[in-house]
Amino acid sequence: MFELPKLPYGYDALEPYIDARTMEIHLTKHHATYVAKLNDALKEYPELQEKSVADLLKSLDSIPEKIRGVVRNHGGGHYNHSFFWPLMKKDGGGEPDGDLKTALAQTFGDFKTFQEKFSAAAAGHFGSGWAWLVADDAGKLSISTTSNQDSPLMQNFRPILGLDVWEHAYYLKYQNRRPEYIEAWWSVVNWQEAGKNFQEAKW
Ligand code: MN
């Protein structure tokens, strides 16, 4: 059965950019619910419990129709949040280095331009969802968004960086001011983790 991961830092580690209460509720209520509902849906399917959540999402078409929607929403929620937590850290921010820095410069011109385009995509996404930096089959980078808890894995992309833009991710501190949350989030991004995701996305 799937389990709620532990945060790699304390609830208050991302203050003042993301407040401790939001982090606690986000993990122990929202993420925990995705895990519980995914497990509940898979109760009668022991063979599916053996798979990774990434594999479930990559092959949604093969999931029994009766639970496909639940796996998509709650499996997606579990995957996306498990991916999201390590992409932040105390005293994060700055810019990536190494191969990811080079690839961002090749794709977007420079880091600042990438950052502006990602922020615009995140701010402009209508309703609940996520903003992503993804790599395609050829390793080419692009910015995209998904609605609800859909994952780039469902579209055959590999996520490098992701930002939760559901209101539950920022409403306590920022209310309707999503652009302020996005701006603040850059100060807690863990670029080492994003760099690791980029290395693992190469194939
Ligand atoms: Mn969330």
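Residues numbered from 1 in each chain as written. Predicted model: local features only at pLDDT ≥ 70, side-chain atom pairs only at ≥ 80, totals over all residues. Heavy atoms only, no water.

### Observations regarding the domain arrangement of the protein chain
When cut into domains, the protein chain gives domain 1 (20-87) and domain 2 (98-201). Between domain 1 and domain 2, the C-alpha centre-to-centre distance is 20 Å. Across the boundary between the two partners, domain 1 contributes 21 residues, which contact 26 residues of domain 2. When domain 1 packs against domain 2, close to 1900 Å² is buried across both sides, 63% of that on carbon and sulfur atoms. Here domain 1 is connected to domain 2 by 10 residue pairs in polar contact (both at pLDDT 80 or more). Its residues assigned to classes, the side of domain 1 that touches domain 2 comprises 10 nonpolar, 8 polar and 3 charged. (Domains from an automatic or database assignment. Contact = heavy atoms within 4.5 Å. Buried area = accessible area lost by both parts, 1.4 Å probe. Polar contact = N/O pair within 3.5 Å; in protein donor to acceptor, adjacent residues only side chain to side chain. Nonpolar A, V, L, I, M, F, W, Y, C, P; charged D, E, K, R; others polar.)

### Digging into the coordination of the manganese ion
Protein coordination of the manganese ion is provided by His-26 (NE2), His-81 (NE2), Asp-164 (OD) and His-168 (NE2), with donor distances spanning 2.0 to 2.1 Å. Linear spacing of the donor residues for the manganese ion on their chain is H-x54-H-x82-D-x3-H. Of this pair, His-81 sits in helix α4 (residues 65-84) while His-168 sits in the loop between β3 (158-164) and α7 (171-174), and the two are 87 residues apart along the sequence. Take His-81 and His-168: they sit in the same class, and that class is buried. (Donors = N, O, S within 2.8 Å, 3.2 Å for Na, K, Ca; no water. Helix = DSSP H or I, 4+ residues; strand = E, 2+ residues; numbered from the N terminus. Buried < 20%, exposed > 50% of the residue type's maximum accessible area, 1.4 Å probe, protein only.)

### Some thoughts on the environment of Ala-131
Looking at the element boundaries, Ala-131 is found in strand β1 (residues 129-135). Taking the relative accessible area as the measure of exposure, Ala-131 reaches 0% and is therefore buried. In sequence terms Ala-131 and Glu-180 are 49 residues apart; their C-alpha atoms lie 15 Å from each other. With residues near it in sequence (within four places) discarded, Ala-131 still touches Phe-118, Ala-122, Ser-144, Thr-145, Leu-161, Gly-162 and Leu-163.

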